[in-house]
Amino acid sequence: MANAEPELYMSANDLVDLLEKKDGAGLLSAEKVIEITGAIKEINKKNNRLTVILHVQGKEHPSIICDMMEGQENLIKEFEPTDTLVIKGVFKGILKDAIFLNCVVSHE
């Protein structure tokens, strides 16, 4: 994933705006690699998985859930909620929140 070239570069707010529009679905099909810039809402290690949740300004949901790849712990531990982070991952779809898997820190 670290060497994968993203197909889209978006802010967390723009990503959610696009997901909420019916005509935006084509741009965000599952399995696309997307680079997202956003403010951290939460970092957790539930179920032995490192997860970063990016905040979308002015909304409780949807958030952007990034399930991090192994080996990202040392990069993530330096960050706190409200810090801005750039994460790259594979878009899997949206339930209540947008889900990304195999995420890596793209830029600090």
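It should be noted that the structure appears before, not after, this text.
Rules of the game
- Residues numbered from 1 in each chain as written.
- Predicted model: local features only at pLDDT ≥ 70, side-chain atom pairs only at ≥ 80, totals over all residues.
- Heavy atoms only, no water.
- Helix = DSSP H or I, 4+ residues; strand = E, 2+ residues; numbered from the N terminus.
- Rg over C-alpha atoms; globule rule 2.2 N^0.38 Å.
- Buried < 20%, exposed > 50% of the residue type's maximum accessible area, 1.4 Å probe, protein only.
- Pairing = 2+ DSSP bridges.
- Arc of directions from axis to C-beta.
- Contact = heavy atoms within 4.5 Å.
- Disulfide = S-S within 2.5 Å.
- Core = buried A, V, L, I, M, F, W, Y, C linked by side-chain atoms within 4.5 Å.

1. Comments concerning the overall build of the protein
Then, number 1: Looking only at helices and strands, the protein has two helices and six strands in total.
Then, number 2: Along the protein, helices and strands appear, N-terminal first, in the series β-α-β-β-β-α-β-β.
Then, number 3: Taken against the 2.2 N^0.38 rule, which gives 13 Å for 108 residues, the C-alpha radius of gyration of the protein at 13 Å falls within 12% of a compact globule.
Then, number 4: Across its three principal axes, the protein shows a C-alpha extent of roughly 40 × 30 × 25 Å.
Then, number 5: Out of the 108 residues belonging to the protein, those deemed buried represent 43%.

2. A few points about the pairing of strand β6 (residues 98-107)
Then, number 1: Relative to β6, strand β4 (residues 59-68) runs parallel, the two being bridged by four bridges. Bridge pairing in β6 links Met-68 to Cys-103.
Then, number 2: Of the strand pairs in this sheet, strand β5 (residues 84-94) and β6 are connected by seven bridges, and their pairing is antiparallel. Bridged to Lys-88 within β6 is Val-104.

3. Points about helix α1 (residues 12-20)
Then, number 1: Of the positions making up α1, those classed as buried are Ala-12, Leu-15, Val-16 and Leu-18. Taken end-on, α1 shows its buried residues confined to a sector of 160°, consistent with a single buried face.
Then, number 2: Where α1 is buried, its residues touch β1 (8-11), β2 (33-44), β3 (51-56), β4 and β6.

4. Focus: the state of the cysteines
Structurally, a disulfide amounts to a covalent bond that connects the sulfur atoms of two cysteines.
Then, number 1: On inspection of all chains with the given rule, the structure shows zero disulfides.
Then, number 2: Unpaired in this structure, Cys-66 has its nearest cysteine sulfur neighbour in Cys-103, at a distance of 4.2 Å.

5. With respect to the environment of Ala-12
Then, number 1: Tracing the backbone through its elements, the reader meets Ala-12 in helix α1.
Then, number 2: Judged by its relative accessible area of 2%, Ala-12 is buried.
Then, number 3: Note: C-alpha distance between Ala-12 and Ile-36 (24 residues apart in sequence) is 5.9 Å.
Then, number 4: Those residues in contact with Ala-12, other than ones at most four positions away along the chain, are Ile-36, Thr-37, Gly-38, His-55, Val-56 and Ile-64.

6. Topic: the pairing of β4
Then, number 1: As paired elements, β3 and β4 share five bridges and run antiparallel to each other. By the bridge assignment for β4, Val-56 is matched with Lys-59.
Then, number 2: The hairpin formed by β3 and β4 contains two residues between the paired strands, and Gly-58 there has a positive phi angle of roughly 80°.

7. Focus on the nonpolar core
Then, number 1: Val-52, Ile-64, Cys-66, Met-68 and Phe-100 are the most contacted members of the largest nonpolar core, which totals 26 residues.
Then, number 2: The contact partners of Ile-64, leaving out residues within four places of it in the chain, are Ala-12, Leu-15, Val-16, Ile-36, Val-52, Ile-53, Leu-54, Ala-98 and Phe-100.

8. Things to note about the environment of Leu-18
Then, number 1: Tracing the chain through its elements places Leu-18 in helix α1.
Then, number 2: Taking C-alpha positions, Leu-18 is 8.3 Å from Leu-28, a pair spaced ten residues apart along the chain.

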